[in-house]
Amino acid sequence: MSEFEKQQRDAYQQNRKKKILIQSIIIGILVLGFLITSLVYYKMNKETYVYYTEEGNVIHRAYLTDNEFYDESYLNGSHAYVASLIEKMTGDFTYNLKLDASDVNFKYSYKIEAQVSVAEKSAGTPIFNPVFELVPEKNVTTSGNALSIHELVDIDYNHYNNLAKDFVTKYGLDKYSTQTLYVRMHVEVLGTSEQFAENNTGKYVVELSVPLNAEVAKPSVSTSVPAAEQKILACNNTSKTGFLIAAIVLGSLALIAGVVLIVYMYKTRDIHINYARKVQKLVSNYKSYIQKIINPFDTTGYQLLYLDTFTEMLEIRDTLQLPVLMYENEDKTCAQFIIVGASNVLYIHEIKVESYDEIYHTADFPVMEDSDVSEDADEDIDVIEDDVAEETEETEEDFSENE
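Residues numbered from 1 in each chain as written. Predicted model: local features only at pLDDT ≥ 70, side-chain atom pairs only at ≥ 80, totals over all residues. Heavy atoms only, no water.

### Notes on the sheet that holds strand β16 (residues 324-328)
Now for step 1: Ordered by their spatial adjacency, five strands build an open sheet running β14-β16-β17-β18-β15, and the pairing between neighbours is mixed. Looking at the sheet topology across the chains shown, the edges are occupied by β14 (290-292) and β15 (303-306). Geometrically, the sheet is characterised by an average inter-axis angle of 30 degrees between neighbouring strands, direction not taken into account.
Now for step 2: Its contacts with the sheet place helix α5 (residues 310-320) against β14, β16, β17 (334-341) and β18 (345-352), and it is angled at close to 25 degrees to β17. (Pairing = 2+ DSSP bridges. Helix = DSSP H or I, 4+ residues; strand = E, 2+ residues; numbered from the N terminus. Axes fitted to C-alpha atoms, helices over the stretch in contact; angles between N-to-C directions. Contact = heavy atoms within 4.5 Å.)

### Overview of the pattern of salt bridges
Now for step 1: For the structure shown, the criterion picks out six salt bridges.
Now for step 2: Taking the shortest distance from any N to any O, the salt bridge between Glu 350 and Lys 352 comes out at 3.5 Å.
Now for step 3: Take Glu 350: its relative accessible area is 22%, and that puts it in the partly exposed class.
Now for step 4: On the basis of relative accessible area, Lys 352 is assigned to the partly exposed category, the value being 23%. (Salt bridge = Lys/Arg side-chain N within 4 Å of Asp/Glu carboxyl O. Buried < 20%, exposed > 50% of the residue type's maximum accessible area, 1.4 Å probe, protein only.)

### A word on helix α2 (residues 157-170)
Now for step 1: Between the first and last C-alpha of α2 there are 20 Å, a value that for 14 residues agrees with the 20 Å anticipated at 1.5 Å per step.
Now for step 2: Residues of α2 that are buried: Tyr 157, Tyr 160, Asn 161, Ala 164, Phe 167 and Val 168. Angular distribution of buried residues about the axis of α2 spans 135 degrees; they occupy a single face of the element. The exposed residues of α2 that point more than 90 degrees off its buried face are Asp 166, Thr 169 and Lys 170.
Now for step 3: Positive phi appears at Gly 172, one or two residues downstream of α2, with a value of about 60 degrees. (Expected span 1.5 Å × (residues − 1). Arc of directions from axis to C-beta.)

### As for α5
Now for step 1: Within α5 the residues assigned to the buried category are Phe 310, Met 313, Leu 314, Ile 316, Arg 317 and Leu 320. For α5, the angular spread of the buried residues around the axis is 165 degrees, confining them to a single face.
Now for step 2: Following α5 by one or two positions, Gln 321 has its phi on the positive side, about 55 degrees.

### Topic: the nonpolar core
Now for step 1: Counting 46 residues, the largest nonpolar core has Phe 93, Tyr 95, Tyr 157, Leu 181 and Met 185 as the members making the most contacts within it.
Now for step 2: Sorting the residues of this core by element identifies β1 (49-64), β4 (86-99), β5 (104-120), β8 (146-155), α2, β9 (177-192) and β10 (200-211) as the ones contributing at least two each.
Now for step 3: The element contributing the most residues to this core is β5, with eight residues.
Now for step 4: Counting residues in each nonpolar core, the second largest holds 21 residues, with Ile 290, Leu 307, Leu 314 and Met 326 among its members. (Core = buried A, V, L, I, M, F, W, Y, C linked by side-chain atoms within 4.5 Å.)

### Here's the deal with the pairing of β5
Now for step 1: By the criterion of burial, β5 is predominantly enclosed, with twelve of the 17 residues buried.
Now for step 2: Bridge analysis of β5 against strand β6 (residues 126-128) gives two bridges, and the strand direction is antiparallel. Along β6, the bridge assignment pairs Val 118 with Phe 128.
Now for step 3: Taken together, β5 and the strand that follows it, β6, pair antiparallel across an intervening segment of five residues, in which Gly 124 is found at a positive phi of about 75 degrees.

### Considering the packing of aromatic side chains
Now for step 1: Using the criterion set out here, one finds nine aromatic pairs in the structure.
Now for step 2: For the pair Phe 167 and Tyr 171, a centre-to-centre distance of 5.1 Å together with 55 degrees between the ring planes defines the contact as tilted.
Now for step 3: Seen in terms of ring centroids, Tyr 286 and Tyr 289 are 6.4 Å apart; in terms of plane orientation they differ by 20 degrees. Their pairing is stacked.
Now for step 4: Among the residues examined, Tyr 289 registers a relative accessible area of 30% and is labelled partly exposed.
Now for step 5: Directly above the ring of Tyr 63 sits Lys 88, whose terminal nitrogen or CZ lies 5.3 Å from the centroid. (Phe/Tyr/Trp six-rings, centres within 6.5 Å; stacked < 30°, edge-to-face > 60°. Lys NZ or Arg CZ within 6 Å of the ring centre and 35° of its normal.)

### Quick look at the side chain of Gln 179
Now for step 1: The topology assignment puts Gln 179 in strand β9.
Now for step 2: Taking relative accessible area as the criterion, Gln 179 reaches 8% and is therefore assigned buried.
Now for step 3: At 2.8 Å, the side chain of Gln 179 forms a polar contact with the side chain of Ser 177.
Now for step 4: Gln 179 has contacts with Ser 117, Val 118, Ala 164, Val 168, Asp 174, Pro 211, Leu 212 and Asn 213, leaving out every residue within four places of it along the chain. (Polar contact = N/O pair within 3.5 Å; in protein donor to acceptor, adjacent residues only side chain to side chain.)

### Structural notes on the side chain of Glu 54
Now for step 1: Secondary-structure assignment places Glu 54 in strand β1.
Now for step 2: A polar contact is formed between the side chain of Glu 54 and the side chain of Tyr 95, at a distance of 2.5 Å.
Now for step 3: Side-chain polar atoms of Glu 54 contact the side chain of Tyr 204, separated by 2.7 Å.
Now for step 4: Apart from residues no more than four positions distant in its own chain, Glu 54 is found in contact with Tyr 95, Asn 96, Leu 97, Tyr 204, Val 225, Pro 226 and Gln 230.

### A look at the environment of Gly 258
Now for step 1: Relative to the elements of secondary structure, Gly 258 occurs in helix α3 (residues 239-267).
Now for step 2: Sequence-wise, Gly 258 and Gln 23 are 235 residues apart; in three dimensions their C-alpha atoms are separated by 8.3 Å.

What follows is the structure in structure tokens.
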């Protein structure tokens, strides 16, 4: 093999390695993209929530009539009140909402009512329960991440107390009923946001209750507003579908590219492997018939007959009783098995690496058709057999004359 041919082969191997490296980098990029998009989709596909807190309360005070016992003009909610000393009461109603989201649109309404309740003592069944409007319904629209309602109302305790007392006295229900004043703030909130999976609604009541027709009034506060942190299911981000599609596409491309790389590496694998196996197996099986030579055989002046199989070489060897010479080039890419026949005829069987001539462009001899090889081989064997027969006859005649 010439130096130019060696350079061609080296260039082929380098080009193959370069292509494998490029394909591997592309596959690596695709796999990395697949992993990233899959991870993003996995995280986005989890249910997420927008958290918020609510608070509802009422702070009440009792303003006192002039008396010789209290220096204060009013008592706050930590006291029980002497009913006969109450001039009026106030209720400071509040409702607060705060979310961990911005740009929320709120539509909310609220109203405050007072209700005198006369109920049957044992079962609590209502007997008399008129309602009085203290703050008419208000509808408010706002936006942001929080809302706050604050209303201070005056409560005419004596008016409601006298109403309940007159009703009970007139109908003799004092022993059979309980009388209570309820002051309630009703709140209804609608929150809308692109971050919400669905609109958030809530209806709450903040209630102040005060006993009526009693010597001592101890107000109490109750609320339906949840005290603990709440959560709203967050909107499923529409872009997560895009990440899913991207992950599928990138994963498919990575798989296809991997298959293409495997096929390419198989088809362009080291073509010396099969060659080496063939030569090693042949030499191992027929080492007693093969003589290795270290120098290239000079074929000048010989007729070259190429045989397809080593079996044909063995047949000729058995016929001619001549050794099979073997020469392998320095690059271990081509092995020639040669039988030197009579009349300057060379019988040659070659083993080369796969696609040796196409890849390395090193074909030294034209390959004869199978039929031509067989016919020429048969003719040459016939000629050799005739020559051997003639030499045998002459030898016998000379032997007879000597006798």
